[in-house]
Amino acid sequence: MKYKFIYFTFLFLTNIAFSQSKELHIQYDFYFKDYYPEERQISVIANYEESLSTITRTIMYKERGETNYEPKSWFTHVFKTKDSLYYKETAPTGIDYPYFVKESLNQMKWNLTWNYKSVLNYICQEATSIYRGREYIAYFTTKIPFKAAPWKFHGLPGVLLAVKTSDNKITIEARELQIKPISGSLENPYLEIEKWITWDSFKELYKKSSEDFKNKTVSQLSSVGKSGHLLGKPKIREELRMEIIVDGNGGYENP
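Here goes a summary of the coordinates provided. Keep in mind the model is a prediction, meaning the values are calculated, not measured. (Residues numbered from 1 in each chain as written. Predicted model: local features only at pLDDT ≥ 70, side-chain atom pairs only at ≥ 80, totals over all residues. Heavy atoms only, no water.)

**Some details on the overall build of the chain**
Within the chain, the secondary structure is distributed over two helices and eleven strands. For the chain, the N- to C-terminal ordering of α and β elements is α-β-β-β-β-β-β-β-β-β-β-β-α. Evaluated residue by residue, the chain yields a buried proportion of 43% over its 255 residues. Nonlocal contacts in the chain, meaning residues at least 24 apart in sequence, comprise 58% of its contacts between residues at least 6 apart. (Helix = DSSP H or I, 4+ residues; strand = E, 2+ residues; numbered from the N terminus. Buried < 20%, exposed > 50% of the residue type's maximum accessible area, 1.4 Å probe, protein only. Contact = heavy atoms within 4.5 Å.)

**Here's the deal with the nonpolar core**
Leu24, Phe153 and Met242 are the most contacted members of the largest nonpolar core, which totals 55 residues. Residues within four places of Met242 in sequence aside, it is in contact with Phe30, Phe32, Arg132, Arg134, Tyr136, Trp151, Phe153, Ile170 and Ile172. (Core = buried A, V, L, I, M, F, W, Y, C linked by side-chain atoms within 4.5 Å.)

**Some words on the pairing of strand β11 (residues 170–181)**
Examined bridge by bridge, strand β1 (residues 22–32) and β11 share eleven bridges and lie antiparallel to one another. When the sheet's bridge partners are listed, Lys22 is paired in β11 with Pro181. Inspection of the sheet shows strand β10 (residues 159–165) paired to β11 by three bridges, in the antiparallel sense. Looking across to β11, one finds that Val163 is bridged to Ile172. (Pairing = 2+ DSSP bridges.)

All quantities given are derived from atomic positions and should not be read as evidence of function.
Here it is, written out as structure tokens:
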């Protein structure tokens, strides 16, 4: 028993030393059922203490009178420390003043199952969690000496390589994984931000903005005797709404 304890202690310390000198880089494909055709990817860089998720969204649209569709891409970031999440949010119109949200990392509670799935040749165990209006089914491996996950996911005892919602509307799955020497490419994009708000404060701002936007849209359509969908270039929303805040903002219907 004594030698077994010494072995596992040595293995644990070896993994810590390894992860302190290396960075984990993962590229994920990201499918989100929406009313605009979009492509999404997530890249994650993680070390022993921090991680940065960069979400890339590309939408195809055309200007009035144009025949060709042009891509429009933009990025959002989620930065994690050992105990906190930092990220930028915007309200439904996408043109509101950006809000910078800081919240505790201890939000997700996972239930482990005995189901398994192979991702990138790693046998991954299944875990489930209900988080802000959606049920997530995740697959993680403990065979990589890091703890990392894309977006706001956290709390699993390993590296999350795939996750989906129970209704199959959202799917995220790793397509490439590399372990590299520390390069300095993991930087906090919010170092200059001084004013932070809580998630609950943002929710109230979002609800108010959503209601104001709907009322304004209805008023504008009524003034010209029209109803239905607006024409022209689609409105570019700056943030995904994976969390449910108000009815219809999950991306399944045009609000």
